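This is what each chain is made of:
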Amino acid sequence: MTSVLLRAFGFLPSFVFKIADSCHSLSIQFQTVFFAELAIQEELRELHEEPTDPQAQQEIINSIEEVYFSSDSFDIVKYELERLPPVLSLQELEQYRDKLKQQQAAELERVTSLQTGLQLAAVICTNGRRHLNIAKEGFTQTSLGLLANQRKRQLLIGLLKSLRTIKTLQRTDVRLSEMLEEEDYPGAIQLCLECQKAASTFKHYSCISELNSKLQDTLEQIEEQLDVALSKICKNFDISHYTKVQQAYRLLGKTQTAMDQLHMHFTQAIHNTVFQVVLGYVELCAGNTDTKFQKLQYKDLCTHITSDSYIPCLADLCKALWEVMLSYYCTMQWHENHDQDEAAAVSSVSDGSNVIGSEENSFDRNYVKKKLEHGLSRIWQDVQLKVKTYLLGTDLSNFKYDDFIFVLDVISRLMQVGEEFCGSKSEVLQESIRKQSVNYFKSYHRTRLEELRMFLENETWELCPVKSSFNILQLHEFKFMEQSRSPSVSPSKQPASAISTAVTLFEQYCNGGNPFEIQADSKDDETEDVLASNGYESDEQEKSAYQEYDSDSDVPEELKRDYVDEQTGDAPVKSVSRETLKSKKRSDYNLYKVNAPILTNTTLNVIRLVGKYMQMMNILKPIAFDVIHFMSQLFDYYLYAVYTFFGRNDTFESTGLGLSSSRLRTTLNRIQESLIDLEISADPTGALTAAEERKEKVPSPHLSHLVVLTSGNSLYGLAERVVATESLVFLAEQFEFLQPHLDAVMPAAKKPFLQQFYSQTVSTASELRKPVYWVVAAKAIDYEQMLLLMANVKWDVKEIMSQHNIYVDALLKEFEEFNRKLNEVSKRVRIPLPVSNILWEHCIRLANRTLVEGYANVKKCSNEGRALMQLDFQQFLMKLEKLTDIRPIPDKEFVETYIKAYYLTENDMEGWIKEHREYSTKQLTNLVNVCLGSHINKKARQKLLAAIDDTDRPKR
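Residues numbered from 1 in each chain as written. Predicted model: local features only at pLDDT ≥ 70, side-chain atom pairs only at ≥ 80, totals over all residues. Heavy atoms only, no water.

What follows concerns the overall build of the protein. In terms of regular secondary structure, the protein is built from 38 helices and two strands. Residues classed as buried in the protein amount to 44% of the 956 residues present. Sequence separation of 24 or more characterises 81% of the internal contacts of the protein that already satisfy a separation of 6 or more. For the protein, the exposed surface amounts to about 51400 Å²; the carbon and sulfur share of it is 52%. (Helix = DSSP H or I, 4+ residues; strand = E, 2+ residues; numbered from the N terminus. Buried < 20%, exposed > 50% of the residue type's maximum accessible area, 1.4 Å probe, protein only. Contact = heavy atoms within 4.5 Å. Areas by Shrake-Rupley, 256 points an atom, 1.4 Å probe, with all protein chains shown as cover.)

Okay, here's the thing in structure tokens:
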């Protein structure tokens, strides 16, 4: 029992328990021995009076022979007796005896100590057993029972929790389906991952093993739906939707994979979008449900678009592509903002425990950024190729002008989108639209030239009444110049002030709207108010036309300057002063004060056509040279027509007056060679070449039979001539106004062509006035009648006359009649001052030359006759100066010099002949024969006549 208690409490090692048990059984034996040996102990006590040395004691014990401990049956007495020596010595025996006693005492002392320890151990064991019994009854059985029950309870609770978790796992697929329907992809993935983790924890349950594989399938299904959700943002970007998708991919650890998939979806979205848009229009126009179109390639499908549906389809195509590009732009914006937020969050947390995670996120962000930036050019290239295929799939040469301009406007806007999207110059689009534009424009221009010829041949050259404030910018065709003064900006339906140049289209339309929405032009733009009522702007204006000339104070200053020289920009020297105009009678040039431009319907049509050409050029700058070249042909043909109708007259060209400058003649020859089809039959071998060349030419126009140029009452069609010529000058002024705009878009290599066109052609428009109005001046005065009257005058008078000859009065009467007819014509058409000056200059010049010709016909003439000539001429000048304000009188010196030459001597005459080459051979010969005939010999006369013949006299 003692050993059990000792073992329970752990006081003694196990071998002590054995000794204690054996000692307990021997204790009784020792008790008897104890008292028997008491005497011996007393005896030994003496030996131990001295302090006991444990080491000495141990040595004593160790000196005991092993045989004494061999067995219980060992006979100690016998052993000792047998050891006695044969000869006994008392002293040795006593010593040996003392030794044995010491050994016995030491051994007894150790046994006694062991006995005392065993007794104490027995007491402790007894007390321990008693206490253990109390503990067992009062504490152990009750408490351990509670602990056992608690443990069992905890096990059952854990089991219940596991069962509930298993139940939840079994129902997870339902919740996952709900979350996917709600598009809560991050939550679904998070839930699925947690379920997989929980399933791995309970994999020892058989019901969980099947669930684990099911969750894996569900996760794959979520990834598939997530990929579908990612594809949706390609057409309609939604921030919250895309944020969920990105969070979901991040949970899956597939951020880079998501970006790769995203670009694939964008590429697919572009292809599917354009195909569906074009397919919808093709099937709609086909009018049946045949599915054969769905099997066609996109390129072949584009060829089935009809002309009527081409523009709506193009607009919808660009709108759909815009949505794709806008989604990509928004995607980039989302990542940029998200990266900034993440970088700010990382910088605010300085803890280094997430360094590895931060580096990984940074790598993902850099990958995404580079992928998105690289994708910009790829996506735009796809867009360009799709639109190019659509553009080239239809022949646009037969489109209406407005429709084609709309196509150009849409493509121009698309190229603007491309430049803002990725900085691309859209070379693919530019080349495709350039091909279509050149093809269209050649056909369009050819048709317009034919129409212009038809207009010119049916033009009666009546004045088209427009307001005095008329400006070409008021025409609808030039509205784009008001919207954007800079030729580098494409025309837009939006007001220029509505959009700041700093705001891109993506910023403008990121919250809604579409830059490719078809917007009908405003009616205000279409309806122009440039025509005056009955030739006047209003009834008040009509009344004021016959009032004081100075009542034009409300007319803009630039419109008052009708009489500015087109070449120099300065007022001509031979001009009428304002004071002179004020002093005119009410009926004289009464339409001056209207100040409206002189132009015809044909002129207005040409100006509109120029505006249309410029619209096309402004939108598509790569064909700027072609457009400007064709535009110059419009002006060339109009110039050539006016010259052909009113200025060509070989009879008067031979007068030597230099009516047409060399520059004008060069221009007219160039136009005739390059533009006019003279219908010269080619030989059979060159038939094809001639046909190709004639495609670029237009037949020469013919004047309408309704225009009468042979009536003297109308001054030989002066009104029509004024309208035709001055409308040409007005057209030239408009071209001058447009020169900076044309120069801005003309390629640098082609600028010399534009400069030559303006310097050699446009600037010659005003020069056409001389040959045109010369015809009128040559017929308006009867110069032949004057020559006949001069031939009847006797010039060899002997006395100085005080009365001029009647031919002077006849000539002045002709001029008065001319002035009257001129006033009558001015009531129909305003005659600008340069025109009236040229008319008067021509008439006076012809009259003066007629006078010289008449004087050259004189057979005999005295000095008094020469004085009479001077008197007649001075009378003519005095009366003429009252009819006209032209100063100086044209060719006045021409007459006076000729008359004075009659007084020259023989020596002076030869030098005079060489200096004055403006006179004809006949006129110079007459001077020699009549003036010096009676004063010089035959040899001298022959010398002077030879000098006349040898002199090369270019015609003036």
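More follows now that the structure is in view.
Relative to the helices and strands, Y637 resides in helix 24 (residues 624-647). A sequence separation of 184 residues divides Y637 from R453, and the C-alpha atoms of the two residues are 8.3 Å apart. Contact partners of Y637, with chain neighbours within four places excluded, come to L452, R453, L456, L675, I676, V698, P699, S700 and P701.

Once that is clear, we can look at a nonpolar patch on the surface. Together, V77, L81, L84 and L88 make up a nonpolar patch on the protein surface, roughly 380 Å² of accessible area in all. Tracing the chain through its elements places L84 in the loop between helix 5 (76-83) and helix 6 (90-170). Classification of L84 by relative accessible area gives partly exposed; the value is 35%. (Patch = residues over 30% accessible without salt bridge, like charges linked within 9 Å, V, L, I, M, F, W, Y side chains within 5 Å. Salt bridge = Lys/Arg side-chain N within 4 Å of Asp/Glu carboxyl O.)

We now examine the environment of W774. Turning to its location among the elements, W774 is positioned in helix 30 (residues 769-780). Along the sequence, W774 and F646 sit 128 residues apart, while their C-alpha atoms lie 9.8 Å from each other.

For the rest of this paragraph, the subject is helix 34 (residues 863-883). For helix 34, with 21 residues, the first-to-last C-alpha span of 31 Å sits near the 30 Å given by 1.5 Å per residue. Three or more residues of helix 34 are buried, namely G865, R866, L868, M869, D872, F873, Q875, F876, L877, L880 and L883. Where helix 34 is buried, its residues meet helix 32 (806-828), helix 33 (833-856), helix 35 (892-900) and helix 37 (921-931). (Expected span 1.5 Å × (residues − 1).)

Before going further, it helps to spend a moment on unusual backbone geometry. Omega for the bond connecting R887 with P888 falls within 30 degrees of zero, at -5 degrees, which places this linkage in the cis form. Within the secondary structure, P888 sits in the loop between helix 34 and helix 35. Positive phi is not limited to glycine here, since S426 has a value of about 55 degrees. Here S426 lies in the loop between helix 15 (401-422) and helix 16 (427-458).

Following the sequence through the fold, D227 ends up in helix 9 (residues 206-232). Of the side chains bearing the opposite charge, K254 lies closest to the buried D227, which forms no salt bridge; the N-O distance is 10 Å. In contact with D227, not counting residues within four places along its chain, are Y249, Q261 and H265. (Lys, Arg positive; Asp, Glu negative; His and termini not counted.)

Applying the stated rule across the entire model yields 37 aromatic pairs. A centroid spacing of 5.8 Å and a plane angle of 85 degrees characterise the contact between W795 and Y855, whose relative ring orientation is edge-to-face. Taken together, the positions of W795 in the loop between helix 31 (783-791) and helix 32 and Y855 in helix 33 put the pair 60 residues apart, joining distant regions of the chain. By the burial criterion, W795 is buried, and Y855 matches it. It is R849 that lies over the ring of F894; its NZ or CZ is 4.5 Å from the centre. (Phe/Tyr/Trp six-rings, centres within 6.5 Å; stacked < 30°, edge-to-face > 60°. Lys NZ or Arg CZ within 6 Å of the ring centre and 35° of its normal.)

For the rest of this paragraph, the subject is the pattern of salt bridges. Summed over all chains, the structure comprises 25 salt bridges. In this structure, D636 engages R670 in a salt bridge whose closest nitrogen and oxygen atoms are separated by 3.3 Å. With a gap of 34 residues between them, D636 in helix 24 and R670 in helix 26 (residues 662-674) connect regions that are remote in the sequence. By relative accessible area, R670 is classed as partly exposed at 34%. Residues E767 and R663 are paired through a salt bridge, measuring 2.2 Å at the closest nitrogen-oxygen approach. Residue E767 is found in the loop between helix 29 (751-760) and helix 30, and its partner R663 is found in helix 26; the two are separated by 104 residues along the sequence.

Let us now look at the side chain of K697. Relative to the assigned elements, K697 resides in the loop between helix 27 (687-695) and strand 2 (698-699). Reaching out from K697, the side chain makes a polar contact with the backbone oxygen of E673 at a distance of 3.1 Å. Among residues more than four places away in sequence, those in contact with K697 are R446, E673, S674, L675, I676 and D677. (Polar contact = N/O pair within 3.5 Å; in protein donor to acceptor, adjacent residues only side chain to side chain.)

Look at helix 32 against helix 33: their axes get within 12 Å of each other, and the N-to-C directions meet at 165 degrees. The angle between helix 32 and helix 33 places the two elements in the roughly antiparallel class. The crossing of helix 32 and helix 33 is right-handed. In this structure, helix 32 contributes Y807, L811, F815, F818, N819 and L822 to the contact, and helix 33 contributes L839, W840, C843, I844, A847, L851 and Y855. Looking at side-chain class alone, the contact of helix 32 with helix 33 contains 12 nonpolar, one polar and no charged residues. (Axes fitted to C-alpha atoms, helices over the stretch in contact; angles between N-to-C directions. Parallel < 35°, antiparallel > 145°, perpendicular 65-115°, else oblique. Left-handed = near helix turned anticlockwise from the far one by under 90°. Nonpolar A, V, L, I, M, F, W, Y, C, P; charged D, E, K, R; others polar.)

Here we take up the confidence of the model for the protein. Averaged over all residues, the pLDDT of the protein is 77; the fraction at 70 or higher stands at 75%. In this model residues 534-593 is a low-confidence stretch, pLDDT under 50, and it forms 100 contacts with partners more than four residues away in sequence or in other chains. Note that residues 681-689 has pLDDT below 50 and, in this model, one contact with residues that lie over four places away or in other chains. (pLDDT = per-residue confidence, 0-100.)

The next subject is the state of the cysteines. For the structure shown, the criterion picks out zero disulfides. Of the cysteine sulfurs around C285, a residue in no disulfide, the closest is that of C313, at 8.5 Å. (Disulfide = S-S within 2.5 Å.)

With that settled, the discussion passes to the environment of E80. Within the secondary structure, E80 is located in helix 5. Leave out the neighbours within four places in its chain, and E80 touches Y68, Y96 and L100. A distance of 2.5 Å separates the side chain of E80 from the side chain of Y96, its partner in a polar contact.

Running from N to C, helix 15 and helix 16 point in directions that differ by 165 degrees, and their axes come no closer than 11 Å. As summarised for this structure, helix 15 and helix 16 are arranged roughly antiparallel, according to the angle between their axes. Pair helix 15 / helix 16 crosses with left-handed handedness. Residues Y401, F404, V407, L408, I411, L414 and M415 of helix 15 form the contact with helix 16, whose own contacting residues are L429, Q430, I433, Q436, S437, Y440 and Y444. Here the residues of the contact of helix 15 with helix 16 are counted per class, giving 11 nonpolar, three polar and no charged.

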